[in-house]
Amino acid sequence: MSGPLLKVKNLVKHYPLRSGIMKKDLPVVRAVENVSFSVEAGETLCIVGESGCGKSTIARLLMRLVDPTEGRVLLDGTDIGSLRKDELRAWRRRMQMVFQDPYSSLNPRLTAGQIITEPVENFERLSRKQREALAAELLQQVGLAPEIMHRLPSELSGGQRQRLGIARALSLKPSIIIADEAVSALDVSVQAQILNLLMDLQEELGIAFVFISHDLGVVEHIGDRVAVMYLGRIVELATCESLFAKPVHPYTEALIAAAPIPDPTRARLEVPIDGEVPSPVRPPQGCAFHPRCSLAEERCRTEIPPLVLMQDGRGVACHVRAPARQVTIL
Ligand code: SF4
């Protein structure tokens, strides 16, 4: 199969708020606005941004846990929005999710073994022997001892529970895993173990990841490419290497400047960022970042900058740093 494994085209998600007299008057939360990207087989695309930027809504749209207001999600060329319920169920084998909070995403009444074999048993009947063999194999794959298959989630540590969530996602041999803040609830040392586990599994099994995080340190560690989101839109899309070496969008610059630097030899950028993220119910006109941007010009207040292709292959949405004489890619 040629072409990207996952392709997202002009995705929009608006959530109406329950107020207003007429339906057309209902204010909407503009969670995702015209987002497009693709993911190749075996690649890790990170989506990063402050809370409320729409990154978790994208995870839900990719899994079709919610339907888009507009736009399409294609997996291996098939539009998952066009699938009937039974077809979607079969396609979900290929796309699995790992959640932020391992504890609330695992059924507390099931044993570890039952939790990780349940997805497979939704498709085929397993004998007790087959179930135990599968559970042991999956547990070993994520670095857990097979003996814990009889324990409940409450008897496991946070790191063990997240490994269990990963084993469950692996059970159906997916081509792509959507990981939504998958390590943010864990201690730093456990975070590193889980990130290394995900990278090892990717190398071994060729799985692609969409890794959603607010933590730039985590993104730099695990990502091949990164999409930076601000108020529902991608403002910069680049390889991790080029983005961290030389951010172009003023928001990316400010995010990187504000992040803790693990490497003391690396210079810190001095880029101030004032104010708070505006409400997605009434985003600023033009470039949504303009009230906080020190480079803002008159046109920034009226015209939304398109994501354009720079010479080095990255996409940037900024009237000043990526003038539109270049080709608009998304
Ligand atoms: Fe700043 Fe204007 Fe670029 Fe937006 S378009 S980031 S306001 S310079």
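The structure this text deals with has already been given above.
Residues numbered from 1 in each chain as written. Predicted model: local features only at pLDDT ≥ 70, side-chain atom pairs only at ≥ 80, totals over all residues. Heavy atoms only, no water.

Draft legend 1. Representation of the overall build of the chain within the structure. What the chain contains, in helices and strands, is 9 helices and 12 strands. Over its C-alpha atoms the chain spans a radius of gyration of 21 Å, differing by no more than 12% from the 20 Å that the globule rule assigns to 330 residues. Structurally, the chain occupies a C-alpha span of about 70 × 55 × 40 Å along its principal axes. In the chain, buried positions account for 48% of the 330 residues. Here the chain displays about 16,600 Å² of accessible surface, and carbon together with sulfur accounts for 50% of that area. (Helix = DSSP H or I, 4+ residues; strand = E, 2+ residues; numbered from the N terminus. Rg over C-alpha atoms; globule rule 2.2 N^0.38 Å. Buried < 20%, exposed > 50% of the residue type's maximum accessible area, 1.4 Å probe, protein only. Areas by Shrake-Rupley, 256 points an atom, 1.4 Å probe, with all protein chains shown as cover.)

Draft legend 2. Looking closely at the site of the ligand. If you check the shell around the ligand, you find 13 residues, and the closest are Cys287, Cys293, Cys300, Cys318 and His319. Each residue belonging to the shell around the ligand can be placed in one class, and the counts come to 10 nonpolar, 3 polar and no charged. (Near = heavy atom within 4 Å. Nonpolar A, V, L, I, M, F, W, Y, C, P; charged D, E, K, R; others polar.)

Draft legend 3. Looking closely at the sheet that holds strand β10 (residues 233–239). Read from one edge to the other, the open sheet built from 8 strands follows the order β6-β7-β8-β3-β9-β10-β12-β11, with strand pairing classed as mixed. In this open sheet, the two edge strands, each paired with only one partner strand, are β6 (95–98) and β11 (308–309). Strand direction decides the pairing type here: β6 and strand β7 (residues 176–180), joined by 4 bridges, are parallel. Bridging across to β7, Met97 finds its partner in Ile178. (Pairing = 2+ DSSP bridges.)

Draft legend 4. View of the packing of helix α3 (residues 112–121) against helix α5 (residues 158–170). Closest axis-to-axis distance for the α3/α5 pair is 7 Å, and the angle between their directions is 30°. Viewed along their axes, α3 and α5 adopt a mutual orientation that is roughly parallel. By crossing handedness, the relation of α3 to α5 is classed as right-handed. From α3, Ala112, Ile115, Ile116, Glu118 and Pro119 reach across to α5, where they touch Leu164, Ala167 and Arg168. By residue class, the composition of the contact of α3 with α5 is 6 nonpolar, no polar and 2 charged. (Axes fitted to C-alpha atoms, helices over the stretch in contact; angles between N-to-C directions. Parallel < 35°, antiparallel > 145°, perpendicular 65-115°, else oblique. Left-handed = near helix turned anticlockwise from the far one by under 90°. Contact = heavy atoms within 4.5 Å.)

Draft legend 5. Geometry of empty space enclosed by the protein. Under the definition given, this model contains 2 cavities of 30 Å³ or more. Here the largest cavity defines a volume of roughly 90 Å³. If you go around the largest cavity, you meet 14 residues; those closest to its centre are Pro250, Cys287, Cys293, Cys300 and Cys318. Here the lining of the largest cavity is composed, by residue class, of 11 nonpolar, 3 polar and no charged. There is about 50 Å³ of room inside the second largest cavity. As for the second largest cavity, its lining consists of Leu62, Met63, Leu75, Ile80, Leu88, Trp91, Arg92 and Met95. Of all the elements, helix α2 (residues 85–92) adds the most residues to the lining of the second largest cavity, at 3 residues. Partitioning the lining of the second largest cavity into residue classes produces 7 nonpolar, no polar and 1 charged. (1 Å grid on protein atoms, 1.4 Å probe; cavity = no way out; pocket = protein on both sides within 12 Å on 5 of 7 lines; lining within 4 Å. Points joined across faces, edges and corners; volume = space filled by probe spheres on them.)

Draft legend 6. Focus on the environment of Asn10. By the element assignment, Asn10 lies in strand β1 (residues 6–16). A relative accessible area of 37% means that Asn10 is categorised as partly exposed. Taking the C-alpha atoms as reference points, Asn10 and His290, 280 residues apart in sequence, are found 23 Å from one another. Residues in contact with Asn10, not counting those within four places in the same chain, are Asn34, Val35, Ser36, Glu70 and Gly71. One polar contact links Asn10 to Asn34, side chain to side chain, over a distance of 2.9 Å. (Polar contact = N/O pair within 3.5 Å; in protein donor to acceptor, adjacent residues only side chain to side chain.)

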